[in-house]
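Listed below, chain by chain, are the residues.
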Amino acid sequence: MFDDNGSFLLATLEFFIFFAWFMGLFWVFGDLFRSKDLGGVAKTFWTLFLIILPILGMLVYLIARGSSMNERALEAHEGMQRRQEDYIRSVAAPTGARTPTQQITEAKALLDAGTITTDEFERLKADALGKSPVA
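Source: prediction; values computed, not measured.

1. So, the overall build of the chain
(1) Moving on: Within the chain, the regular secondary structure consists of 6 helices and 0 strands.
(2) Moving on: Ordered by position from N to C terminus, the α and β elements of the chain give α-α-α-α-α-α.
(3) Moving on: Computed over its C-alpha atoms, the radius of gyration of the chain comes to 31 Å, more than 25% above the 14 Å expected for a compact globule of 135 residues.
(4) Moving on: Overall, the chain is about 95 × 45 × 25 Å in size when its C-alpha atoms are taken along their principal axes.
(5) Moving on: Per-residue burial for the chain yields a buried fraction of 19% across its 135 residues.
(6) Moving on: A sequence separation of at least 24 residues applies to 39% of the contacts in the chain between residues at least 6 apart.
(7) Moving on: In the structure as shown, the chain presents an accessible area of about 10500 Å², 66% of it carried by carbon and sulfur atoms.

2. What to know about helix α5 (residues 100–113)
(1) Moving on: Between its first and last C-alpha, α5 extends 20 Å over 14 residues, near the 20 Å set by a 1.5 Å rise per residue.
(2) Moving on: Immediately downstream of α5, the backbone of Gly114 shows phi near 85 degrees, a positive value.

3. Let's talk about the packing of helix α1 (residues 5–34) against helix α4 (residues 69–92)
Angle between the axes and distance between the axes: these two values describe a pair of packed helices.
(1) Moving on: Relative orientation of the contacting elements α1 and α4 amounts to 70 degrees, with a least axis distance of 10 Å. Taken together, the axes of α1 and α4 lie roughly perpendicular to each other. Our pair here, α1 against α4, has a crossing hand that is left-handed. Two secondary-structure elements touch here, α1 through Trp27, Val28, Asp31 and Arg34 and α4 through Met69, Arg72, Ala73 and Ala76.
(2) Moving on: For the contact of α1 with α4, the per-class residue count stands at 5 nonpolar, no polar and 3 charged.

4. Here we look at the side chain of Arg72
(1) Moving on: Its location among the elements puts Arg72 in helix α4.
(2) Moving on: Given the relative accessible area of 10%, Arg72 is considered buried.
(3) Moving on: In this structure the side chain of Arg72 is engaged in a polar contact, spanning 3.3 Å, whose partner is the backbone oxygen of Arg65.
(4) Moving on: With residues near it in sequence (within four places) discarded, Arg72 still touches Asp31, Arg34, Ser35, Tyr61 and Arg65.

5. Observations concerning the confidence of the model for the chain
(1) Moving on: This prediction gives the chain a mean pLDDT of 87; 92% of its residues lie at or above 70.
(2) Moving on: Summarising per-element confidence for the chain, the mean pLDDT is lowest in α1 (89) and highest in helix α2 (residues 40–52) (92).

6. Here we look at the pattern of salt bridges
(1) Moving on: Scanning the model with the defined rule gives 8 salt bridges in all.
(2) Moving on: With a closest N to O distance of 3.9 Å, Arg34 and Asp31 form a salt bridge. Of this pair, Arg34 and Asp31 both sit in helix α1, 3 residues apart, roughly one helical turn.
(3) Moving on: The class of Arg34 is partly exposed, set by a relative accessible area of 33%.

Rules of the game
Residues numbered from 1 in each chain as written. Predicted model: local features only at pLDDT ≥ 70, side-chain atom pairs only at ≥ 80, totals over all residues. Heavy atoms only, no water. Helix = DSSP H or I, 4+ residues; strand = E, 2+ residues; numbered from the N terminus. Rg over C-alpha atoms; globule rule 2.2 N^0.38 Å. Buried < 20%, exposed > 50% of the residue type's maximum accessible area, 1.4 Å probe, protein only. Contact = heavy atoms within 4.5 Å. Areas by Shrake-Rupley, 256 points an atom, 1.4 Å probe, with all protein chains shown as cover. Expected span 1.5 Å × (residues − 1). Axes fitted to C-alpha atoms, helices over the stretch in contact; angles between N-to-C directions. Parallel < 35°, antiparallel > 145°, perpendicular 65-115°, else oblique. Left-handed = near helix turned anticlockwise from the far one by under 90°. Nonpolar A, V, L, I, M, F, W, Y, C, P; charged D, E, K, R; others polar. Polar contact = N/O pair within 3.5 Å; in protein donor to acceptor, adjacent residues only side chain to side chain. pLDDT = per-residue confidence, 0-100. Salt bridge = Lys/Arg side-chain N within 4 Å of Asp/Glu carboxyl O.

Printed below as a string of structure tokens:
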């Protein structure tokens, strides 16, 4: 198949260029469909242009819309990170657990209602804060 080392190196270079172009095409399509400022008709025309004339279409897309591609990618990344952090917070926080502030507020309401004594309130407050009660 390869007559000499030069043809092998040329085939390797051609494969690399084809692979780089293919990855660039995926990058452009990802940006095109991530874009919120284009409507469906414009996305359809860009897609047809990229399919019919792929190299020219990709170059025209990069010239016309390339300056804001990074902004759209960062916006998508920040949105994904926010959603992930919200999910982690929702899973990590137990639903039935009360915060120390809520526990102290409830103990203060019991103290004000006369249900518990001051010593019991101090003990509940120390337990909520994770400290030993003051004697």
